[in-house]
Each structure stands twice: as C-alpha cells, then as structure tokens.
Amino acid sequence: MSLIRDQAVVLGRLDYSETSQVIVLLTREHGKVRAIAKGIKRGTKQRFAAAIDLLELGSVVLSARQDRPHTLANITEWKQTRSLLGLREKLHRLHAGQYVAEITAALTEDWDPHAVMYDALVHALVVLGDADTPLPAVTAYQQKLLDEIGSWPRFDACVLCGRMDELTHFSSFEGGMICRHCEPTHIEKREVGPITRAMLIDISTTNDPTPAFDLLDYHISHLMGRAPKLSEALLTKTQRGHVR
Ligand SMILES: [Zn+2]
C-alpha cells in the first residue's frame, strides 16, 4: 500500500455497505480513482469532517495498491478545499454540474491522468456556480473533454472523402462531418446546419450554444453507449435535433 496525496473532484457516489460508500474521484495527477470511504455515512470517524458530497472539491489522501490498479483504493483523509455552494442554489446549475461529472466519469479510464481536463472541470464547476445559463460552460467543457480523450470530431471537411463543401451530416461513428454525397450510405448520422458547424469550428463565438451542446451530447452519447442521464434536464425536446 502506498499513500497518494492529490486534489480531487467528487464525480459520483454509490452505497457499498451499511456504513461505506464508493466515491468516484477525478484527481488532478492520478486521473479517475474509485475509492472506499469507510464509515463515512455515519460520520463517526473523526478524520472525515462530514460526508463527502457530489461535486465537492477537496484534497485527498488515498491508500492504494498501485501494483493492483483494479482494486479499490481507500480514502484515508478528505478535506474540502473549495465550497461551490452556488451550484446548489439553482436546479439548472446542479443539473449542469451533475452532467459534466457524469460524462467525465463515463469517458475516462481509472488511473489515467488528465491534468488539463481536471483544471477544465474545476473551471466549469466554478463558472456554473454563478451562471444564469449553464450551457456555455457545459459546452466549453464538452469540447475540452473530447479533445483530451482524443475524440474531438472533425468539422471542417468530410471525414470520408475530404471535400470541404456540402457538409450536411455528422456521424459519431465516423468521427466528424460527412458530405451530401457520402451520407446516403450511412445509417448513423444526424443533420447539421451551417450555424452549428461554424460554432463548432470556432467554439469561442458567443452565439447561443444550444445546437453545439446538442450535437456534442449526441456524440458523447455514442461514445458512452447511452445518453447521459442529465441530458434531458439541460435540453428540452423541442431544442433537441433542431437543425441550425
Ligand atoms: Zn464525403
């Protein structure tokens, strides 16, 4: 057993026994880690100030068998370092925070460090804690996450034939845009309008990011093998699939 100290964000929690929980953490230097917090639900152990909450930021001490990376680590210390109370003041902020946590947990491997992703996640949560509309911060994070895991799609040309005009559809399986000539032979595809495509080529534009979020969520759903649970909370049915 070796002791690891790191910064971490709580991505998820699940009950493990009467008194313990498994906490899914994204650590800055060690990537995603699953760890048991023993006795945490009772709060009887002095070293835990309180229960560990979803989306909390803290410093953690883990004991882990690095030679057996698939066994659960143990949380031996947890200290909250930043309170993001604003996230819990409004439901849309909390849903957005849960969404970014969910896609991060689903699309990262255990013990695979992504410091850039960690910093982007913390930034997204801080921004969301004070946000009137959550989608700009969520969409920026979707981009950073996909970029970090090497799954950012190609939007400037057809991924099948390379042409740069008449790009009408997106295929998650193919990893980007497909043109009018290539799309008829593809089943998994989705129509994409020029406004959305332009937005995804230059994500910093200040337009309403709804269609960009929607398309990236479609891509992320394919990569995850299911739709993120919080997608529906962030986008109404009428906004979904609306081609712009
Ligand atoms: Zn083509």
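Residues numbered from 1 in each chain as written. Predicted model: local features only at pLDDT ≥ 70, side-chain atom pairs only at ≥ 80, totals over all residues. Heavy atoms only, no water.

(A) The environment of S20, seen in detail. Take S20: it is sitting in the loop between β1 (2-15) and β2 (21-27). Separated by 18 residues in sequence, S20 and K38 place their C-alpha atoms 4.6 Å apart. (Helix = DSSP H or I, 4+ residues; strand = E, 2+ residues; numbered from the N terminus.)

(B) Helix α1 (residues 91-107), seen in detail. Taking 1.5 Å per residue as the helical rise, α1 with its 17 residues ought to reach 24 Å, and the 24 Å between its terminal C-alpha atoms agrees with that figure. Taken residue by residue, α1 has R93, H95, A96, G97, Y99, V100, A101, E102, I103, T104 and L107 as its buried positions. Contacts from the buried residues of α1 go to β1, β2, α2 (115-128), α3 (135-148), α5 (210-224) and α6 (231-234). (Expected span 1.5 Å × (residues − 1). Buried < 20%, exposed > 50% of the residue type's maximum accessible area, 1.4 Å probe, protein only. Contact = heavy atoms within 4.5 Å.)

(C) Representation of the nonpolar core within the structure. By size, the foremost hydrophobic cluster in this structure holds 49 residues, and its most contacted members are V9, Y99, L121, L125 and Y141. Taken domain by domain, the makeup of this core includes at least three residues from each of domain 1 (2-83) and domain 2 (87-152 + 192-234). Not counting chain neighbours up to four residues away, the residues in contact with L125 comprise V9, L55, L57, L84, L87, G97 and V100. Listed in part, the 15 residues of the second largest apolar core include L25, A37, V60 and A73. (Core = buried A, V, L, I, M, F, W, Y, C linked by side-chain atoms within 4.5 Å. Domains from an automatic or database assignment.)

(D) Molecular detail of the packing of aromatic side chains. As enumerated under the stated definition, the model contains four aromatic pairs in all. Aromatic side chains Y99 and F213 sit 5.4 Å apart centroid to centroid with 55° between the ring planes, which places their arrangement in the tilted category. Of this pair, Y99 sits in helix α1 while F213 sits in helix α5, placing them 114 residues apart in sequence. This pair shows no difference in class: Y99 is buried, exactly as F213 is. A centroid spacing of 6.2 Å and a plane angle of 70° characterise the contact between F170 and Y218, whose relative ring orientation is edge-to-face. Of the two residues, F170 is situated in strand β6 (residues 167-171) and Y218 in helix α5; the sequence distance between them amounts to 48 residues. Taken together, the aromatic side chains of W152, F155, F170 and Y218 make up a single cluster linked through ring pairs. (Phe/Tyr/Trp six-rings, centres within 6.5 Å; stacked < 30°, edge-to-face > 60°.)

(E) Main features of the sheet that holds strand β7 (residues 176-179). The three strands lie next to each other as β7-β6-β8, forming an open sheet whose pairing is antiparallel. Unpaired on one side and paired on the other, β7 and β8 (190-191) mark the two borders of the sheet. Examined bridge by bridge, β6 and β7 share four bridges and lie antiparallel to one another. In the strand pairing of β7, H169 is matched with I178. (Pairing = 2+ DSSP bridges.)

(F) Highlighting the coordination of the zinc ion. Looking at the zinc ion, one finds its protein donor set to be C158 (SG), C161 (SG), C179 (SG) and C182 (SG), positioned 2.3 to 2.4 Å from the metal centre. Each of the four donor atoms bound to the zinc ion contributes to angles spanning 104 to 118°, and the resulting shape is tetrahedral. Within one chain, the residues donating to the zinc ion are spaced in sequence as C-x2-C-x17-C-x2-C. Classification of C182 as buried rests on a relative accessible area of 16%. (Donors = N, O, S within 2.8 Å, 3.2 Å for Na, K, Ca; no water. Tetrahedral: all angles 85-135°; square planar, octahedral: opposite > 155°, others 65-115°.)

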